[in-house]
Amino acid sequence: MSNPAQTAPDKEMTFSSFAEFYPYYLSEHANDTSRRLHYAGSLLVLAILAYALLTQSWGWLIALPLAGYGFAWVGHFFFEKNKPATFKYPLYSFMGDWVMLKDALTGRIRF
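What you see is a predicted model; the values in this text were computed from it and never measured. (Residues numbered from 1 in each chain as written. Predicted model: local features only at pLDDT ≥ 70, side-chain atom pairs only at ≥ 80, totals over all residues. Heavy atoms only, no water.)

A count of helices and strands for the protein gives four helices and zero strands. In the protein, the succession of helices and strands from N to C terminus is α-α-α-α. Overall, the C-alpha framework of the protein stretches about 50 × 30 × 25 Å when taken along its three principal axes. Burial status across the protein gives 36% buried among its 111 residues. Sequence separation of at least 24 residues holds for 63% of the intrachain contacts in the protein that already meet a minimum separation of 6. Counting every atom, the protein has about 6900 Å² of accessible surface; 67% of that belongs to carbon and sulfur. Placing the 9 positive and 8 negative side-chain charges of the protein at their respective mean positions leaves the two points 4 Å apart. (Helix = DSSP H or I, 4+ residues; strand = E, 2+ residues; numbered from the N terminus. Buried < 20%, exposed > 50% of the residue type's maximum accessible area, 1.4 Å probe, protein only. Contact = heavy atoms within 4.5 Å. Areas by Shrake-Rupley, 256 points an atom, 1.4 Å probe, with all protein chains shown as cover. Lys, Arg positive; Asp, Glu negative; His and termini not counted. Charge placed at Lys NZ, Arg CZ, Asp CG, Glu CD.)

Inspection of the secondary structure puts F21 in helix α1 (residues 18-27). A C-alpha to C-alpha distance of 7.1 Å links F21 and Y92, two positions 71 residues apart in sequence. Those residues in contact with F21, other than ones at most four positions away along the chain, are F15, A85, Y89, Y92 and S93.

Summed over all chains, the structure comprises four salt bridges. Measuring nitrogen to oxygen at the nearest pair gives 2.8 Å for the salt bridge that ties D103 to K102. For D103, a relative accessible area of 0% puts it in the buried group. The salt bridge partner of D103 is R108, with a shortest N-O separation of 2.9 Å. Overall, R108 belongs to the exposed group, its relative accessible area being 60%. Salt bridges sharing common partners tie together D32, R35 and R110. (Salt bridge = Lys/Arg side-chain N within 4 Å of Asp/Glu carboxyl O.)

Between two packed helices, both the angle of their axes relative to each other and the distance between the axes serve to describe the pair. Their axes nearest at 10 Å, the elements helix α2 (residues 32-55) and helix α4 (residues 90-105) cross at an angle of 100°. The angle between α2 and α4 falls in the class roughly perpendicular. From α2, R35, H38, Y39, S42, L43, V45 and L46 reach across to α4, where they touch D97, W98, M100, L101 and A104. A class-by-class count of the residues in the contact of α2 with α4 yields eight nonpolar, two polar and two charged. (Axes fitted to C-alpha atoms, helices over the stretch in contact; angles between N-to-C directions. Parallel < 35°, antiparallel > 145°, perpendicular 65-115°, else oblique. Nonpolar A, V, L, I, M, F, W, Y, C, P; charged D, E, K, R; others polar.)

Another aspect to go through is a nonpolar patch on the surface. On the surface, W73, V74, F77, F78, F79 and F87 cluster together to form a nonpolar patch covering roughly 590 Å² of accessible area. Structurally, F87 can be placed in the loop between α3 (63-80) and α4. Look at F87 and you get partly exposed, because its relative accessible area is 47%. (Patch = residues over 30% accessible without salt bridge, like charges linked within 9 Å, V, L, I, M, F, W, Y side chains within 5 Å.)

This next bit is on α1. Among the residues making up α1, those that are buried are F18, F21, Y22, Y24 and Y25. On its buried side, α1 packs onto α2 and α4.

The structure is reproduced here in structure tokens:
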């Protein structure tokens, strides 16, 4: 993989694994407020999912992408001032959200 710092802004980087992608993902989430908005969205997704499953109120499932992506995109557009990685790397970005939350909850990265 090429070094992100050496890649032209308009050139799409390629990643051969999630392990290769994750450092790039973290670099796109350097702003504390943006990261915290991601965490809030992810935790809200878990709460909505649990509520929908426990109450069998399946209509709540439509709120999952709104909660998850809504908080994240506010973080990117207003605090990071970059485009969400999900636009170019949807699967790795989705995985990155959950790994970043796990890393924050376990103290591996700053909450």
